[in-house]
There are 2 protein chains.
Amino acid sequence: MNRVCEMTGADFPLFAFSHCRDVVAAVSKAGGFGVFGATRFGPEELEEELQWIDAHVDGAPYGVDVLVPEVIDARVAGLKDNSERAAAIDPSYRDFAYDLLTSHGVPSERELPPLDDRKGITPENGLALMEVAFRHPIRLIANALGIAPPQMIEEGKKRGVPVAALVGAKEHAIRQAEAGVDIIVAQGGEAGGHCGEVSTLVLIPEVVRALGKAGYDIPVLAAGGIMTGGQMAGMMAAGAQGAWTGSVWLATPEAETSETFREKMVAARSRDTVRSRSRTGKPARQLRTPWHDAWDAPDGPGTLPMPLMGLVSEPSFARIEQAAAAGNAEARELVSYFVGQGVGLIEQVRSSRQVVQDFREEYLDAVGALAATVGME
Amino acid sequence: MNRVCEMTGADFPLFAFSHCRDVVAAVSKAGGFGVFGATRFGPEELEEELQWIDAHVDGAPYGVDVLVPEVIDARVAGLKDNSERAAAIDPSYRDFAYDLLTSHGVPSERELPPLDDRKGITPENGLALMEVAFRHPIRLIANALGIAPPQMIEEGKKRGVPVAALVGAKEHAIRQAEAGVDIIVAQGGEAGGHCGEVSTLVLIPEVVRALGKAGYDIPVLAAGGIMTGGQMAGMMAAGAQGAWTGSVWLATPEAETSETFREKMVAARSRDTVRSRSRTGKPARQLRTPWHDAWDAPDGPGTLPMPLMGLVSEPSFARIEQAAAAGNAEARELVSYFVGQGVGLIEQVRSSRQVVQDFREEYLDAVGALAATVGME
């Protein structure tokens, strides 16, 4: 269909970011392009997941997304493992999480559970995952949170694997281009997960134009808020070469999300998300719950830097999910996950395959309707 | 081109909101649809402006936008004129504005200048302007800030003038439909002026779908962030029947903006705006300056309800503009106006007529490029 398809082997330039291997394989087999989000896995686990994908994707192209943070907060730079990180967390933060959970009837503990040092968002963990990814027949590797590291650029060039990088501002796109990335994913502030503040509709032409002016001929994918083929066509009319999507796959039965969260997604409006530091330590859009209101309140404790915040939040959200699954209505209120404003467009749980088919049909309908406005048939 | 064009007489469904009569006439004559923003005028002044438009628009269709606020803050509901309103403002707010200006070298006074009672955003002023508008051959009347008042709906029906209303959330669209409006302008959070938080890209399909489900067959215009024909085509692919634009016209030589502000627009990035209550009392997106940072700071004074905030801010911004025009660099830093994130896409000052022509060309290019992705020619 266009250059991004040529670069990646996708038939239809719908890129599906998912932490679930089933989604990745299903999307790629349906002609889209699955991108496996590796961040929450350790290297051995990732190896296992990618082996599964290789065995189930029928030779269709897929990619991997890792998270190698470029900027490390000075408060955590000297901490060498998760026990040092846990020890650096003032007990008042743990107490705040404990009180918040127990006041909602969620059993909790003041102590943080131990965490595998090969997990958690750190540069070394990201690079270890990248190495695993390159041992597989991937057709794309992506990095979020800052400039793609030189190791990724070099290895990508050597192996002929395009490197994609996520940006939320035009200046960042230029820096990524200078670093040598092959595809820019311009992600608007309506996106789920880490995001900036500029909307997708504004960011796409701004980034496309800035790259062109700076002399870079790099395709741009649009990310943030895209849940339908009509929106995808729209962002391609505005200058993108395809869509990078995440939230829409969370409402598939294959996804890693809980049934509770999927029900909440179907019920949610676009206004029910919040951009908050209270889960990872960096601004990330999530379904808004009393968790976010409490941490972000003017009289709240403030938030910890990445990756410390996750050491407090992730065990808490695991406990919340457990309690909600057991029928605790108050816990259910607290159930949250990374999701964009597009959650307001989710009306039902559909299979990944069905989502790709719907996108294709909606895309064709939208293009046809638009062409009709200028007399094309 | 489509139903919105049939309803309004527009040749190309590009709606241009402007407080400047020259922009309105130029856009309508070029085949778009100028909408005169009446709010800052008194009834006699509006009469004069519309007479000018009638004499200069060559019979092309145009509309008027008034602002009849639906919800009045309880703190101001009992105040019957601007002197009572001015008296209700705690002197600390005036002092804060005074200190802010003088610390930037802008001559100021602690007392508020008197204001004509027929100006300022109140329901009665909005209705008076509406009556003036209906005495002219308008083809559209629009209301922002809440449900269109019954007088507007009745008068519109009687005279065959479509009534449009701005919304920032799907629930509001349904309420407007129930009230009887003919066209919904769905405005995303990236828009200049009063806006919600949901992005245009998400809001358009959400509103279109919600109206359809509720059984309303009402066309939707997309507003917020649209500065190019490519974006316009994009939002039409996503379900809109046209674009409602504002910020792009501020960078025309005809506009009411100062040369200082136009230069700042050309220099600004999309990230240089802020959604703040510090100008009108309700959240409105503006070019961010130390004014906004000061009022919105955690240790700032907080803001006053509409229309009290404007009694403090508008004279201040008038003084700022004067000082900036006289060459005060610190005053220049404070110069601001309502503008959306799309300001990052403004690269030069162009005539209104040129902007319409550029939109048309970009629209055609975008539709052609999109059609090519599915093999249409």
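Residues numbered from 1 in each chain as written. Chains lettered and ligands numbered in written order. Predicted model: local features only at pLDDT ≥ 70, side-chain atom pairs only at ≥ 80, totals over all residues. Heavy atoms only, no water.

1. Observations concerning the overall build of chain A
(1) Moving on: Looking only at helices and strands, chain A has 16 helices and 11 strands in total.
(2) Moving on: On C-alpha atoms alone, chain A measures out to a radius of gyration of 20 Å, which is about the 21 Å that the 2.2 N^0.38 rule sets for 377 residues.
(3) Moving on: With respect to the three principal axes, the spread of C-alpha positions in chain A is 65 × 45 × 40 Å.
(4) Moving on: Each of the 377 residues in chain A was classed as buried or not, and the buried ones make up 61%.
(5) Moving on: Of the accessible surface of chain A, which amounts to about 14000 Å², a share of 49% is contributed by carbon and sulfur atoms.
(6) Moving on: Mean positive and mean negative side-chain charge positions of chain A (35 and 51 charges, respectively) differ by 2 Å. (Helix = DSSP H or I, 4+ residues; strand = E, 2+ residues; numbered from the N terminus. Rg over C-alpha atoms; globule rule 2.2 N^0.38 Å. Buried < 20%, exposed > 50% of the residue type's maximum accessible area, 1.4 Å probe, protein only. Areas by Shrake-Rupley, 256 points an atom, 1.4 Å probe, with all protein chains shown as cover. Lys, Arg positive; Asp, Glu negative; His and termini not counted. Charge placed at Lys NZ, Arg CZ, Asp CG, Glu CD.)

2. Here we look at the packing of aromatic side chains
(1) Moving on: Applying the stated criterion across every chain yields a total of 20 aromatic pairs over all chains.
(2) Moving on: When the centroid spacing of 6.3 Å and the interplanar angle of 15° are considered together, the rings of Phe15 of chain A and Trp244 of chain A count as stacked. Remark: Trp244 of chain A occurs in strand S9 (residues 242–245) and Phe15 of chain A occurs in strand S1 (residues 14–18); sequence separation between them is 229 residues.
(3) Moving on: For Phe15 of chain A, a relative accessible area of 0% translates into the label buried.
(4) Moving on: Ring centres of Tyr337 of chain B and Phe338 of chain B lie 5.6 Å apart, and the angle between their planes is 55°; this geometry places the pair in the tilted category.
(5) Moving on: Positioned above the aromatic ring of Phe338 of chain A is the side chain of Arg279 of chain A, whose terminal nitrogen or guanidinium carbon lies 5.1 Å from the ring centre. (Phe/Tyr/Trp six-rings, centres within 6.5 Å; stacked < 30°, edge-to-face > 60°. Lys NZ or Arg CZ within 6 Å of the ring centre and 35° of its normal.)

3. Here we look at the packing of helix H10 (residues 229–237) of chain A against helix H10 (residues 229–237) of chain B
(1) Moving on: Relative to each other, H10 of chain A and H10 of chain B sit at 170°, their axes nearing to 7 Å. Between H10 of chain A and H10 of chain B, the angle is such that the two are roughly antiparallel. Every residue of H10 of chain B that contacts H10 of chain A at Gly230, Ala233, Gly234, Met235 and Ala237 of chain A is listed here: Gly230, Ala233, Gly234, Met235 and Ala237 of chain B.
(2) Moving on: Here the contact of H10 of chain A with H10 of chain B is built from residues that sort into six nonpolar, four polar and no charged. (Axes fitted to C-alpha atoms, helices over the stretch in contact; angles between N-to-C directions. Parallel < 35°, antiparallel > 145°, perpendicular 65-115°, else oblique. Contact = heavy atoms within 4.5 Å. Nonpolar A, V, L, I, M, F, W, Y, C, P; charged D, E, K, R; others polar.)

4. Side note on the pairing of strand S2 (residues 33–37) of chain B
All names here are of chain B.
(1) Moving on: With five of five residues buried, S2 lies mostly within the body of the structure.
(2) Moving on: Of the two faces of S2, the one holding Phe33, Val35 and Gly37 and the one holding Gly34 and Phe36 are both buried throughout.
(3) Moving on: In this region the chain leaves strand S1 (residues 14–18), passes through helix H2 (residues 21–29) and returns to the parallel neighbour S2; the handedness of that crossover is right-handed.
(4) Moving on: In terms of handedness, the path from S2 via helix H3 (residues 43–56) over to strand S3 (residues 62–67) forms a crossover that is right-handed. (Right-handed = clockwise from strand over helix to strand, strands pointing away.)

5. Re the sheet that holds strand S11 (residues 284–287) of chain A
Residue and element names in this part refer to chain A.
(1) Moving on: As summarised here, the arrangement of the three strands in space is S7-S11-S10, forming an open sheet in which the pairing is antiparallel. Because the sheet does not close on itself, it has two edges, and the strands there are strand S7 (193–194) and strand S10 (273–276).
(2) Moving on: One ladder, built from four bridges, connects S10 with S11; its direction is antiparallel. Counted as the bridge partner of Arg275 is Arg285 from S11. (Pairing = 2+ DSSP bridges.)

6. Describing the pattern of salt bridges
(1) Moving on: Scanning the entire structure with this criterion turns up 49 salt bridges over all chains.
(2) Moving on: For the salt bridge of Glu263 of chain A with Arg332 of chain A, the shortest nitrogen-to-oxygen distance reads 3.1 Å. On the criterion of sequence distance, the pair formed by Glu263 of chain A in helix H12 (residues 259–267) and Arg332 of chain A in helix H15 (residues 329–334) is long-range, its members being 69 residues apart.
(3) Moving on: Residue Arg332 of chain A is classed as partly exposed on the basis of its relative accessible area, which comes to 33%.
(4) Moving on: What emerges from the salt-bridge pattern is a single network uniting Glu171 of chain A together with Arg269, Arg271 and Asp272 of chain B. (Salt bridge = Lys/Arg side-chain N within 4 Å of Asp/Glu carboxyl O.)

7. Quick look at the relation of the copies chain A and chain B
(1) Moving on: Between chain A and chain B, which share one sequence, the superposing operator has a rotation angle of 180° and an axial displacement of 0.0 Å; the RMSD is 0.0 Å. Such a combination of rotation and displacement between the chain copies is what one expects of a two-fold axis. In terms of C-alpha distance to the rotation axis, chain A has Gly234 of chain A as its closest residue, with the C-alpha 1.7 Å off the axis.
(2) Moving on: Interface overlap between copies: 100% of the residues of chain A at the interface are likewise at the interface in chain B, consistent with a symmetric, same-surface contact. (Least-squares fit on C-alpha atoms with pLDDT ≥ 70 in both.)

8. Re the interface of chain A and chain B
(1) Moving on: Taken residue by residue, the interface counts 46 residues in chain A and 46 residues in chain B.
(2) Moving on: It is Leu201, Arg209 and Leu370 of chain A that lose the most area in chain A upon contact with chain B, and together they represent 16% of the buried surface on that side.
(3) Moving on: The salt bridge involving Glu171 of chain B is made with Arg269 of chain A; its shortest N-O contact spans 3.2 Å.
(4) Moving on: Scanning the region where chain A abuts chain B turns up 22 residue pairs in polar contact (both at pLDDT 80 or more).
(5) Moving on: Looking at the side of chain A that touches chain B, the elements that each hand over two or more residues are helix H8 (170–179), helix H9 (200–213), H10 and helix H16 (352–373) of chain A.
(6) Moving on: Its residues placed into classes, the side of chain A that touches chain B shows 21 nonpolar, 14 polar and 11 charged. (Buried area = accessible area lost by both parts, 1.4 Å probe. Polar contact = N/O pair within 3.5 Å; in protein donor to acceptor, adjacent residues only side chain to side chain.)

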